[in-house]
There are 4 protein chains.
Amino acid sequence: MTDFANTKPFEWPVRVYYEDTDAQGVVYYANYFRFMERARTEWLRALGVNQEQMLHEERRMFVVTKTELEFVVAARFNDELIVTARLSGLSRATFDIEQKIYRGSLDGTLCCRGGIRAALLNADTLRPLRVPASLFEENQS
Amino acid sequence: MTDFANTKPFEWPVRVYYEDTDAQGVVYYANYFRFMERARTEWLRALGVNQEQMLHEERRMFVVTKTELEFVVAARFNDELIVTARLSGLSRATFDIEQKIYRGSLDGTLCCRGGIRAALLNADTLRPLRVPASLFEENQS
Amino acid sequence: MTDFANTKPFEWPVRVYYEDTDAQGVVYYANYFRFMERARTEWLRALGVNQEQMLHEERRMFVVTKTELEFVVAARFNDELIVTARLSGLSRATFDIEQKIYRGSLDGTLCCRGGIRAALLNADTLRPLRVPASLFEENQS
Amino acid sequence: MTDFANTKPFEWPVRVYYEDTDAQGVVYYANYFRFMERARTEWLRALGVNQEQMLHEERRMFVVTKTELEFVVAARFNDELIVTARLSGLSRATFDIEQKIYRGSLDGTLCCRGGIRAALLNADTLRPLRVPASLFEENQS
């Protein structure tokens, strides 16, 4: 039985630029979701998943079906953030990814915590496909 | 006792442009949060709340403290969406807004459902302020 | 001979939301290009051009091949802008659209002036197609 | 006399994510301006300029006063781009930065070429300040 809680999360650094901030002086709330997706994309890349090839050759794509996020401390222009991604659930049709955003390092200020549920779809029919159990295994070729 | 469930939601139309879509051919998931904030901003405007004046003269600002969103059916380029906002909870320090996004009209396809929790902050100290009970009353001057 | 200079420009209103601003307190420079495209898209719609149908049924799409923009006075959160679009040049392969952004009305403060050059492409081969001379005529069916 | 043309450009890598693309399957045109600003920000950082401190402690900020960009070949999801920035002009009140975006490396496909003119402003009065001649010298502390 998989103990997701003990999995070491994937980490991805994100620099905050002016484009990410708003007139309140902090990162605009929707933009954390962009940061979270960068971390997920890079994690998939590290796992050997080529989303570009998936979409155009295999006509399969991941879609986010739900998300939730708690905003703890606002990030600011020039902050170097660490965005984590960790598998927290896996069923035949969906998988859950827990994500956190820290300032500076995993020991730094927690800015956000939340996650997404995703599904794998046939890109033509938009019907759900079975999520391969091997997707999140480290040693896939 | 307030029965939030019976309140008629505020509605705001949003057109989907290329800027909102991604290479999967649908609205990029983070952008629904932009649409949701447009509806909230226009609702506040309709209620007589001037956020610009609040921020610069009164040094008070609303911040989203958590959000959740379920993606039901993807919206596409050129879609005319209706974004709703309805008060679903109110405490001394926070208020909850339930939001839905439909294609075309409230009778159309439901694209997303979710909501946000928000707080009112002192813009200098970032300390929470009491949310005025009168904020969401229709007849404020 | 066409005298483009005398053409009345198309006008489209754009409200500035937090999503459009940055930590400098003004509209982030790249976002004016989003506003400009909204005006062009609505202008095409008013002219009877359905870009969605063009892309998916006719496999033709407009692409911007160059743009220039001068930033005169910064727009701010809550500003109601008027974005104009006016044909300023037309050749077999490209057309030019002059665009200006004003605060409030055409008599208001000029925020930006510039424009784009666009081409019509075959969406599969990405080869340029001849721009139909009738495209910008008001009375097309 | 400064021969700007011989200056080696600063280079910054940018990965294309779904957030950057649109339903035409390519990078949305306004987003190249975001990439260009990331390169300029990182170049300033490499030159020892702390824009955050400039804005909040010295109340000075850079603003883009004009920009132009030619779109040569569209970048796509998953592309690794190289964005360059090189000083191409300097006067008392403004400076020009030439920028190019390549796919993969400086030997790869040229996606865009253009640049910006920028000024240094007093963040309170928004009046232009003299651009320090030392700004773009490599050896400032």
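Provided above is the structure to which this section pertains.
The notes below deal with the structure included here. (Residues numbered from 1 in each chain as written. Chains lettered and ligands numbered in written order. Predicted model: local features only at pLDDT ≥ 70, side-chain atom pairs only at ≥ 80, totals over all residues.)

## Observations regarding the interface of chain B and chain C
Link 1 in the chain: Counting from both sides, the interface comprises eleven residues of chain B and, opposite them, eleven residues of chain C.
Link 2 in the chain: For the side of chain B that touches chain C, the elements supplying multiple residues, two or more each, are α1 (31-46) and α2 (51-56) of chain B.
Link 3 in the chain: Take the side of chain B that touches chain C: its biggest share by element is four residues, from α1 of chain B.
Link 4 in the chain: Residue composition of the side of chain B that touches chain C, grouped by class: three nonpolar, three polar and five charged. (Contact = placed C-beta atoms within 7 Å. Helix = DSSP H or I, 4+ residues; strand = E, 2+ residues; numbered from the N terminus. Nonpolar A, V, L, I, M, F, W, Y, C, P; charged D, E, K, R; others polar.)

## A short note on the relation of the copies chain B and chain C
Link 1 in the chain: At an RMSD of 0.0 Å, chain B and chain C line up after a rotation of 180 degrees and a shift of 0.0 Å along the axis. Such a turn and shift between the copies fits a two-fold axis. When C-alpha distances to the rotation axis are compared across chain B, the minimum falls at Val 14 of chain B, with a value of 5.8 Å.
Link 2 in the chain: Looking at chain B, 100% of its interface residues are interface residues in chain C too, so the copies touch through the same face. (Least-squares fit on C-alpha atoms with pLDDT ≥ 70 in both.)

## Things to note about the interface of chain A and chain B
Link 1 in the chain: Listed as interface residues are 14 residues of chain A and, on the opposing side, 14 residues of chain B.
Link 2 in the chain: Those elements that provide at least two residues to the side of chain A that touches chain B are α1 (31-46) and β2 (60-71) of chain A.
Link 3 in the chain: When residues in the side of chain A that touches chain B are grouped by element, the largest group, nine residues, is from β2 of chain A.
Link 4 in the chain: Of the residues assigned to the side of chain A that touches chain B, the class counts are seven nonpolar, three polar and four charged.

## A few points about unusual backbone geometry
Link 1 in the chain: Non-glycine residue Arg 59 of chain A carries a positive phi angle of around 55 degrees.
Link 2 in the chain: Judged by C-beta crowding, with 12 C-beta atoms within 10 Å, Arg 59 of chain A ranks as exposed. (Buried ≥ 20, exposed ≤ 12 C-beta atoms within 10 Å, placed from the backbone.)

## Considerations on the relation of the copies chain A and chain B
Link 1 in the chain: Rotating chain A by 180 degrees about the axis while translating it 0.0 Å along that axis superimposes it on chain B, leaving an RMSD of 0.0 Å.
Link 2 in the chain: Here 100% of the contact residues of chain A are again contact residues in chain B; the copies associate through an equivalent surface.

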